[in-house]
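Structural characterization, general
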Amino acid sequence: MADITWEDAFCAEGSACYRIGVDGDGNSYIAVAGQEAAYLTDSAEALRQLIRDIKAGKADHLLGD
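Everything numeric in this text was worked out from a predicted model, so none of it was measured. (Residues numbered from 1 in each chain as written. Predicted model: local features only at pLDDT ≥ 70, side-chain atom pairs only at ≥ 80, totals over all residues. Heavy atoms only, no water.)

1. A word on the pairing of strand β4 (residues 27-32)
Along any regular strand the residues' side chains alternate between the sheet's two faces. Rules: Pairing between strands is defined by DSSP: at least two bridges between the two strands are required. Secondary structure is summarised from DSSP: a helix means a run of H or I of at least four residues, a strand means a run of E of at least two, and numbering begins at the N terminus for each.
Pairing of strand β3 (residues 15-22) with β4, which is carried by five bridges, proceeds in the antiparallel orientation. When the bridges of β4 are listed, Gly21 appears paired with Tyr29. Between the antiparallel neighbours β3 and β4 lie four residues, among them Gly26 with a positive phi of about 85°.

Next up, the structure:
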């Protein structure tokens, strides 16, 4: 497993908790809190763009009504 520095969990009203982490090589990681061994990884720039797109509403259609 990579040497990942995890941030505190981000939780939506006590459920759906996620953690974001980084390593020394510039990679970023996202995992469900408590399941950090099963992470999704990409570059730090890809994580930045994902966050920008979510903030811009580009994933709102995934939330349903």
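2. Structural notes on helix α1 (residues 44-55)
Residues spaced three or four apart along an α-helix point in a common direction, a consequence of the helix completing one turn every 3.6 residues. Going by this rule: By this rule the span expected of a helix is its residue count minus one, scaled by 1.5 Å.
An ideal rise of 1.5 Å per residue puts 16 Å on 12 residues; α1 measures up with 17 Å between its terminal C-alpha atoms. Downstream of α1 by one or two residues, Gly57 has phi in the positive range, about 90°.

3. What to know about the pattern of salt bridges
Convention followed: For salt bridges, the criterion is a side-chain nitrogen of Lys or Arg within 4 Å of an Asp or Glu carboxyl oxygen. Relative accessibility under 20% of the residue-type maximum defines a buried residue, over 50% an exposed one, and the middle range a partly exposed one, all with a 1.4 Å probe and only protein chains included.
By the definition in use, this model includes four salt bridges. One salt bridge in this structure joins Arg19 and Glu36, with 3.0 Å as the shortest N-O distance. One end of the pair, Arg19, is in strand β3; the other, Glu36, is in the loop between β4 and β5 (40-43), and 17 residues separate them in sequence. Among the salt bridges present, the one from Glu45 reaches Arg48, with a minimum N-O distance of 3.2 Å. Within this pair, Glu45 and its partner Arg48 are both found in helix α1, separated by three residues, close to a single helical turn. Relative accessible area serves as the criterion here: at 41%, Glu45 is assigned to the partly exposed category. Salt bridges sharing common partners tie together Glu45, Arg48 and Arg52.

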